[in-house]
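# Fold and contact review
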Amino acid sequence: MTATLKDPRSPAQATAPAVRLTGVGKTFGGTPAVIDVTLDIRTGEFFSILGPSGCGKTTLMRMITGFETPSEGTVELDGADCTGVPPHKRDLNMLFQSYALFPHLDVSENVAFELKVRKSRPKAEIAQAVREALALVRLDGYGDRTIGRLSGGQRQRVAIARALIGRPSLLLLDEPLGALDQKLRAEMQLELKKIQREVGVTFVTVTHDQEEALTMSDRIAVMDGGRVLQVDTPEAIYERPATRFVANFIGTSNFLTGTLGGGRLGVDGLGNIAVPDGHGHPDGTPVHLAVRPENVRLARAGEPLQDCPVRADATLQQIVYLGNATRYHLALAHGGDFVAEARGTDVSGLRIGEQVVVGWHPRHSRVLAE
Ligand SMILES: Nc1ncnc2c1ncn2[C@@H]1O[C@H](COP(=O)(O)OP(=O)(O)OP(=O)(O)O)[C@@H](O)[C@H]1O
């Protein structure tokens, strides 16, 4: 006979998103910090809130946790309205950059802390849960160590184990890798993603680091000036940014500004250039055309540029070697800066100050509204 495990949630809760924000706003002393945010975070996904300093991401996260009450709008968790519910009554946990581990307790005691405080489980069960949590973060056998004898990465793992031991439905992480050096950070990004997949808990992280968000997330919300500008997969955000801000904040973009007319873009000094099909903006609209540096080709003036219907004259200003790529900084003849990028070392044979031509195919550019 097979036993059927019953989901304790009601049918409505089971299909509801982990988090639903509807028209959420927060104003401090008359100044808006978060403006009209409506979005769903799906159960089991790794979701990042990404944006520059002061854009409102921490305030948005604090409204999900309950440490901040929205000035308007509603916050639902698993289908239940939690707008006025205090943090300790929400089925979630938090992980802060500082980790906040207890230095006088050993690893096991730190991890078990929450369960012991709640006194909800027998001792043997807690010990088993600690062993499982330490195995999850690959710290088997470290239970008796004091916190002072751990590396930064190991402390981070202890904090993760502690945050997950009570199996919350939702884990909120505020700049979780901010205290680590760059190499360890890159390792922990992959590690955190792996742990999240294993436990299946919904993770919501706040970060200003675009690479971190792209590496770890199933979906990203990009914020600026208190607003969410785009919610999408990392790939879609990079390939199909919704606004000029997103195109510039995630990776690097070149921009040409002009007005659409007759299916082309009129740019002062450059003429009417081809744009990608199906961009959806009517003639007469002032727009930006965004082109990623890796999609820009470069040749000596007068030399052919294959598969590049759009071209512009420029002067080469600087060549920067990046290790895995070379970046060419250019001044366009009609005004403005431009950047082209090629894989590997510089094989162009070009010299600083030389007259060049840049070009791209319209399918590699994107029309963005103001
Ligand atoms: N308790 C508060 N009282 C007054 N103003 C606040 C308060 N909390 C945040 N703010 C303001 O709201 C805006 C958004 O702040 P928030 O901390 O949410 O941004 P952030 O994107 O998380 O920035 P950072 O990455 O620097 O932490 C800022 O202008 C900030 O000064």
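Bear in mind the structure is a predicted one, so any value in this text is a computation, not a measurement. (Residues numbered from 1 in each chain as written. Predicted model: local features only at pLDDT ≥ 70, side-chain atom pairs only at ≥ 80, totals over all residues.)

Another point: the sheet that holds strand E16 (residues 310-321). Taken in spatial order, the five strands make up an open sheet running E15-E19-E16-E17-E18, and their pairing is antiparallel. Looking along the sheet, the strands with just one partner apiece sit at the ends: strand E15 (297-300) and strand E18 (337-343). Ignoring strand direction, the axes of neighbouring strands in this sheet form an average angle of 45°. Taken together, the seven bridges between E16 and strand E17 (residues 325-332) define a ladder with antiparallel strand orientation. By the bridge assignment for E17, Ala314 is matched with Leu332. (Pairing = 2+ DSSP bridges. Helix = DSSP H or I, 4+ residues; strand = E, 2+ residues; numbered from the N terminus. Axes fitted to C-alpha atoms, helices over the stretch in contact; angles between N-to-C directions.)

Reports often express the size of an interface as the amount of accessible area lost when the parts come together. Looking at the assigned domains, one finds that the protein contains domain 1 (13-244) and domain 2 (252-369). Relative to domain 2, the C-alpha centre of domain 1 lies at a distance of 39 Å. Opposite the four residues of domain 1 that make contact, domain 2 presents five residues. Residue classes in the side of domain 1 that touches domain 2 are distributed as one nonpolar, one polar and two charged. (Domains from an automatic or database assignment. Contact = placed C-beta atoms within 7 Å. Nonpolar A, V, L, I, M, F, W, Y, C, P; charged D, E, K, R; others polar.)

What follows concerns unusual backbone geometry. Notably, Asp36 is not glycine yet its phi reads approximately 45°, a positive angle. Phi is positive for Asp78, close to 50°, though the residue is something other than glycine. Mapped onto the elements of the fold, Asp78 is located in the loop between strand E4 (72-77) and strand E5 (80-81).

Time to look at the packing of helix H3 (residues 107-118) against helix H5 (residues 152-164). Their axes nearest at 7 Å, the elements H3 and H5 cross at an angle of 30°. Of the possible angle classes, the one that applies to H3 and H5 is roughly parallel. Here H3 and H5 pass one another in a crossing that is right-handed. For the pair H3 and H5, the contacting residues are Val107, Asn110, Val111, Phe113 and Glu114 in the first and Val158, Ala161 and Arg162 in the second. Residues that form the contact of H3 with H5 fall into these classes: five nonpolar, one polar and two charged. (Parallel < 35°, antiparallel > 145°, perpendicular 65-115°, else oblique. Left-handed = near helix turned anticlockwise from the far one by under 90°.)

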